[in-house]
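Summary of the model geometry
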Amino acid sequence: THPPASGPSSQYCINGNGKDYRGTIARTGTGRTCQEWSSQTPHSHNYFTPVTHPRAGLDKNYCRNPDGDVNGLWCFTTDPEKKWEYCEIPRCCNYP
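Given the structure is predicted, the values throughout are model-derived calculations rather than measurements.

**With respect to unusual backbone geometry**
A cis amide bond links Thr 41 to the next residue, Pro 42, at an omega of 0 degrees. Within the secondary structure, Pro 42 sits in the segment before strand E1 (74-76). Positive phi outside glycine occurs at Lys 60, with the angle close to 45 degrees. Along the chain, the position of Lys 60 falls in the segment before E1. Looking at Lys 60, the relative accessible area reads 54%, which means it is exposed.

Below is the structure:
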């Protein structure tokens, strides 16, 4: 089965914990640029990749929530001093 189609607002807001978010925001809440999910530079990681999580939408360097983190979307950052950070994307108004 296919997931339900998202409305146009899904690019700019999240439902619930954002596990289904497929927008193109690629910056953390503090303004750091996200590292590409398929990249191992500057941070190496072997668990959250497009290969290990093919249905998580780990495209390019977009904010995602592949592990269903209750605090929402996150990404690895391109800052060598900070491995990962949460992305601040507002919740959609019509969802608790």
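**Regarding the state of the cysteines**
Enumeration according to the criterion identifies three disulfides in this entry. The disulfide partner of Cys 13 is Cys 92, and the S-S distance across this bridge is 2.0 Å. The disulfide joining Cys 13 to Cys 92 has a torsion of about 90 degrees about its S-S bond and is therefore right-handed. Of the two residues, Cys 13 is situated in the segment before E1 and Cys 92 in the segment after strand E2 (84-86); the sequence distance between them amounts to 79 residues. A sulfur-sulfur distance of 2.1 Å marks the disulfide that ties Cys 63 to Cys 87. Note on the Cys 63 and Cys 87 pair: the S-S dihedral is about -85 degrees, so by sign convention the disulfide is left-handed. On the criterion of sequence distance, the pair formed by Cys 63 in the segment before E1 and Cys 87 in the segment after E2 is long-range, its members being 24 residues apart.

Procedures and definitions
- Residues numbered from 1 in each chain as written.
- Predicted model: local features only at pLDDT ≥ 70, side-chain atom pairs only at ≥ 80, totals over all residues.
- Heavy atoms only, no water.
- Helix = DSSP H or I, 4+ residues; strand = E, 2+ residues; numbered from the N terminus.
- Buried < 20%, exposed > 50% of the residue type's maximum accessible area, 1.4 Å probe, protein only.
- Disulfide = S-S within 2.5 Å.

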